[in-house]
Amino acid sequence: MRGASRDVKPEGRAIFKDSKKVSGYAFTLLAVFIFAVQDGFSKYLGERYSPIFITMIRYWVFAAFVILLASRRSGGLRGVATTKHPALQIMRGVLLVAEIAIFVYGLAHTGLAITQAIFQASPLIVTVLSIPFLGEHVGWRRWLAVLAGLLGVLLIINPMGSQFSVYLLLPLTCAFMFATYSIATRAVSRQDQAFTSLFYTAVGGAIAISLIGPFYWTPIAQSDWPFVAALGLCGAVSHYSLIRAYDSLQASDVQPLTYLQLVVGAVIALAFFGETLSWNMLLGATIVVGAGLFTMWREPRAHSKNEPASRSGIMP
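Residues numbered from 1 in each chain as written. Predicted model: local features only at pLDDT ≥ 70, side-chain atom pairs only at ≥ 80, totals over all residues. Heavy atoms only, no water.

## Some points on the overall build of the chain
Then step 1. What the chain contains, in helices and strands, is 14 helices and zero strands.
Then step 2. When the elements of the chain are put in sequence order from the N terminus, they spell out α-α-α-α-α-α-α-α-α-α-α-α-α-α.
Then step 3. Considering only residue pairs separated by 6 or more positions, the chain has 89% of its internal contacts joining residues 24 or more positions apart.
Then step 4. A total accessible area of about 16200 Å² is found for the chain, and carbon and sulfur atoms account for 67% of it. (Helix = DSSP H or I, 4+ residues; strand = E, 2+ residues; numbered from the N terminus. Contact = heavy atoms within 4.5 Å. Areas by Shrake-Rupley, 256 points an atom, 1.4 Å probe, with all protein chains shown as cover.)

Right under this line is the structure:
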């Protein structure tokens, strides 16, 4: 009997591991889909109300959801809020909420598809910023990928074309802000738990936006309340799905799938906002996504080079 049980256990663990991975991929795809839908709601509402006002409502729901989750964890709110980098954690929260407000403003003045395409440059910017702030080593292959990706962004924006708009610089600004937020997240993750970072992202951002959001308060039309409720629900469910995905998968498994948000966003843009996809946007987005995937693929292989340099970064 003991011999039989030993034969079964490894197989049982393998089945459990596989099913957990399948669940992780399912939650990742659900999160990607909902994030794209959330951007659609943000564009619709951002065209009718102040982006700061919309972001504030979105963050209120986000913060309430995270506080509810935190209160049910071991140690409660006090345990989750304990951090070794309070200033950096607060900066992360403020930076992300500002980035989202600018992103919503950009969505209101540009197309959904092109805004998402430009924003996909953020992983490439993370690669560049990791050198001075985290002291990481970036080889020539990833440098070529970064340059190719930035050329792809220029192709999307097409500054010499007749359709160029200064508003297209907003998602590029957001990409830089989100990249800085990601670098700060990497820095605090060396000593703080992931849920602690999530807590400061939600609560810190909600407090920051609430300091100015009430000045942009606008009565919401009765016909728009379902969209506001859907925006809040999307925020809660998408982040919950992402948390569940990271419970089962590594970041290297999750991140490549996030590019599917660009595909879902393009479908929403075509179906609900009547947008058109130009050849330069499609080609540029393909280059940006390809470059981003390549840097993700190369990063683990450069890990051994990053370890000795990690002490020389600006971030703690």
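## Here's the deal with helix 5 (residues 112-119)
Then step 1. Counting buried positions over the eight residues of helix 5 gives eight, a clear majority of the element.
Then step 2. Buried within helix 5 are the following residues: Leu-112, Ala-113, Ile-114, Thr-115, Gln-116, Ala-117, Ile-118 and Phe-119. (Buried < 20%, exposed > 50% of the residue type's maximum accessible area, 1.4 Å probe, protein only.)

## Notes on the pattern of salt bridges
Then step 1. According to the stated counting rule, one finds three salt bridges in the structure shown.
Then step 2. Salt-bridge contacts for Lys-43 lead to Glu-47; the nearest nitrogen and oxygen are separated by 3.0 Å.
Then step 3. Residue Glu-47 is classed as partly exposed on the basis of its relative accessible area of 39%.
Then step 4. Among the salt bridges present, the one from Arg-48 reaches Glu-47, with a minimum N-O distance of 3.6 Å.
Then step 5. Classification of Arg-48 by relative accessible area gives partly exposed; the value is 43%.
Then step 6. Counted as one network, the salt bridges with shared partners bring together Lys-43, Glu-47 and Arg-48. (Salt bridge = Lys/Arg side-chain N within 4 Å of Asp/Glu carboxyl O.)

## Structural notes on a nonpolar patch on the surface
Then step 1. A grouping of Ile-207, Leu-211, Ile-212, Phe-215 and Tyr-216 is seen on the molecular surface, where their side chains present a nonpolar patch of about 580 Å² in accessible area.
Then step 2. Within the fold, Tyr-216 resides in the loop between helix 9 (194-210) and helix 10 (225-248).
Then step 3. Exposure remark for Tyr-216: the relative accessible area of 39% places this residue in the partly exposed category. (Patch = residues over 30% accessible without salt bridge, like charges linked within 9 Å, V, L, I, M, F, W, Y side chains within 5 Å.)

## Topic: the packing of helix 5 against helix 8 (residues 169-188)
Then step 1. In contact at an axis separation of 8 Å, helix 5 and helix 8 are set at 35 degrees when each is read in the N-to-C sense. Judged by the twist between their axes, the crossing of helix 5 over helix 8 is right-handed. Residues Thr-115, Ile-118 and Phe-119 of helix 5 form the contact with helix 8, whose participating residues are Pro-171, Leu-172, Cys-174, Ala-175 and Phe-178. (Axes fitted to C-alpha atoms, helices over the stretch in contact; angles between N-to-C directions. Left-handed = near helix turned anticlockwise from the far one by under 90°.)

## Describing the nonpolar core
Then step 1. Core analysis: the largest hydrophobic core is formed by 37 residues, its most contacted members being Ile-114, Ile-118, Val-153, Ile-156 and Ile-157.
Then step 2. Mapped onto this core, the elements with two or more residues apiece are helix 4 (86-109), helix 5, helix 6 (122-134), helix 7 (140-157), helix 8, helix 12 (260-272) and helix 13 (279-298).
Then step 3. If you tally residues by element for this core, the top one is helix 8, at eight residues.
Then step 4. In contact with Ile-157, other than residues within four places in its own chain, are Ile-118, Phe-164, Leu-168 and Leu-172. (Core = buried A, V, L, I, M, F, W, Y, C linked by side-chain atoms within 4.5 Å.)

## Points about helix 13
Then step 1. An ideal rise of 1.5 Å per residue puts 28 Å on 20 residues; helix 13 measures up with 29 Å between its terminal C-alpha atoms.
Then step 2. Of all the residues in helix 13, the buried ones are Asn-280, Met-281, Gly-284, Ala-285, Val-288, Val-289, Ala-291, Gly-292, Thr-295, Met-296 and Arg-298.
Then step 3. For helix 13, the secondary structure elements touched by its buried residues are helix 5, helix 6, helix 7 and helix 12. (Expected span 1.5 Å × (residues − 1).)

## Quick notes on the packing of helix 5 against helix 12
Then step 1. One can describe the packing of helix 5 onto helix 12 by two numbers: an axis separation of 8 Å at closest approach and a directional angle of 165 degrees. Here helix 5 lies roughly antiparallel to helix 12, going by the angle between them. Of the two possible hands of crossing, helix 5 and helix 12 adopt the one that is left-handed. Each of Leu-112, Ala-113, Gln-116 and Ala-117 in helix 5 lies in contact with helix 12, whose residues at this interface are Gln-261, Leu-262, Gly-265, Ala-266, Ile-268 and Ala-269.
Then step 2. In terms of residue class, the contact of helix 5 with helix 12 is built from seven nonpolar, three polar and no charged. (Parallel < 35°, antiparallel > 145°, perpendicular 65-115°, else oblique. Nonpolar A, V, L, I, M, F, W, Y, C, P; charged D, E, K, R; others polar.)

Bear in mind that shape data such as this cannot, by itself, settle questions of function.
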